[in-house]
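# An overview of the molecular structure
Take a look at the letters that make up each chain.
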Amino acid sequence: MDFALTEEQGLLRDTMREFVSREISPEAGELDRLSQFPSRAIQRLAELGLLGMAIPEAFGGAGLDTLGSAVAIEEIARGSASLAVTVSVTNSVCAGPIVHFGNEDQRRRYLPRLAKGEILGGFSLTEPDSGSDAAHLRTRASLEGDTYLLTGDKAWVSNVQVGHVFVVLAATRPEQGSHGLTAFLVERDFPGFSFGKVEDKMGLRSSLTGSLELQDCRVPVANRLGEEGQGFKIAMATLDGARIGIAAQAVGIARGALQESIAFARQRKAFGRPICQFQAIQFMLADMATAIDAARLLVHRAAHLRDRGDVQFTKEASMAKLFATEMVNRVAYQAVQIHGAYGYSREYPVERYYRDARVTTIYEGTSEIQRLVIARRLLESV
Ligand code: CAA
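Residues numbered from 1 in each chain as written. Predicted model: local features only at pLDDT ≥ 70, side-chain atom pairs only at ≥ 80, totals over all residues. Heavy atoms only, no water.

### Some words on the packing of helix α3 (residues 66–79) against helix α7 (residues 279–308)
Relative orientation and spacing of two packed helices are given, respectively, by the angle between their axes and the distance between those axes. The interhelical angle for the contact between α3 and α7, taken along N-to-C directions, is 150 degrees, at an axis separation of 8 Å. Facing α3, whose interface residues are Thr66, Leu67, Ala70, Val71 and Glu74, α7 presents Arg296, Val299, His300, Ala303, Arg306 and Asp307. When grouped by side-chain class, the residues that make up the contact of α3 with α7 number five nonpolar, two polar and four charged. (Axes fitted to C-alpha atoms, helices over the stretch in contact; angles between N-to-C directions. Helix = DSSP H or I, 4+ residues; strand = E, 2+ residues; numbered from the N terminus. Contact = heavy atoms within 4.5 Å. Nonpolar A, V, L, I, M, F, W, Y, C, P; charged D, E, K, R; others polar.)

### A short note on the environment of Arg273
You can see Arg273 is positioned in strand β10 (residues 273–274). The class of Arg273 is partly exposed, set by a relative accessible area of 36%. Spatially, the C-alpha atoms of Arg273 and Ala247 are 37 Å apart, while their sequence positions differ by 26 residues. Residues in contact with Arg273, not counting those within four places in the same chain, are Arg268 and Phe278. (Buried < 20%, exposed > 50% of the residue type's maximum accessible area, 1.4 Å probe, protein only.)

### Details of the nonpolar core
By size, the foremost hydrophobic cluster in this structure holds 115 residues, and its most contacted members are Leu45, Leu114, Leu150, Val186, Met327 and Ile338. Once residues lying within four places of it in the same chain are set aside, the contact partners of Met327 are Ala250, Val251, Ala254, Ala291, Ile292 and Ala295. (Core = buried A, V, L, I, M, F, W, Y, C linked by side-chain atoms within 4.5 Å.)

### Structural notes on the site of the ligand
Of all residues adjacent to the ligand, which total 24 residues, the nearest are His179, Asp240, Arg243, Glu364 and Arg376. Arg376 places a polar side-chain atom, nitrogen or oxygen, 2.7 Å from an oxygen atom of the ligand. Relative to its free-state accessible area of 1,100 Å², the ligand is covered by the protein chains to the extent of 73%. Residues belonging to the shell around the ligand are distributed by class as follows: 10 nonpolar, eight polar and six charged. Summarising the domain contributions, the shell around the ligand has at least three residues from each of domain 2 (122–229) and domain 3 (232–381). (Near = heavy atom within 4 Å. Polar contact = N/O pair within 3.5 Å; in protein donor to acceptor, adjacent residues only side chain to side chain. Areas by Shrake-Rupley, 256 points an atom, 1.4 Å probe, with all protein chains shown as cover. Domains from an automatic or database assignment.)

Structure below.
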């Protein structure tokens, strides 16, 4: 068993680490305070070819495999979890399904522009009344000639306002439940499309999350992704891969929290010595580091299985997401604890890490949904 990254992946990690320390981390706190979208960082990542990290080279992307993408997302999240989710979403739940389920025309129309960072993408499954129970959404799509008319409200969509194209799930045959859903590539300029409210979130404050309002939104048949009725399976398969990205994001946030904690514990004095000399602090640091490494191993295993291409990885992706996202909440909690009252102040990055960590057990499938997915696979295999 080889736990080492390849030379190429190691180089990617080192390059990203240096880039994030130099260009992302210094501005992340201020952008969070101002709830400002990191446009400059997005531009820089585009120049590095990383906005299309998972897009094949034939379409202008970096052509990274899942493991390479996980390495990059972890590094970005260490500096800015908001930036990491923006990049992860546009790659894994927008470009990803176009790569895997799109036809040649759709790939040619969208992938090169996504890869260059000319446009960003998003994914829209959730609605005000359907989150975990994804099959029972209310948005309807009906075919009229060569155009589908989509009507419904979508909620909690990442990259609203800045996104250009969204993978939208709608029911073409509502009576057929999960078998009646269809996926569409919906552009912001299509008639009947508008952005709704932008959420005022607890964390990830420099990423944009909000609603889409579709009112007889006109989507050409050429923008149907896959066949009618395939939408649920496309969404689930997409989320299988994307959950690895969210798990990597969690590992990155946790690493940031640990690094800040080590630095703080070295310089903060109590009872006449640096607090890192107290066993209570050392044990917390040791537990944090161990949990982070365990989570990363699960992330890399899931990524490795996905990259093999010939095995099921749904359970392993859910395990990585479940473990890593629960882990980052514990680690961020401990980081604040080590900082004491300073950890409760916006002056210190751990306060941001603590808020940013919270959503990871919720989006792209709650921890409860991950347990359900894992348990179903376990019971099927016996
Ligand atoms: N890959 C391919 N097909 C799959 C699949 C997978 N991973 N999982 C299920 N399917 C198929 C099943 O095989 C089944 O097919 P058949 O009927 O032909 O046998 C069909 O889909 C229905 O499956 P289930 O009966 O398991 O469906 P369910 O209604 O019980 O739902 C669920 C399963 C796991 C609860 C699912 O609804 C789910 O994952 N919910 C959570 C949704 C989610 O993660 N939402 C987050 C949205 S994205 C986001 O967070 C915003 C953002 O931008 C960050």
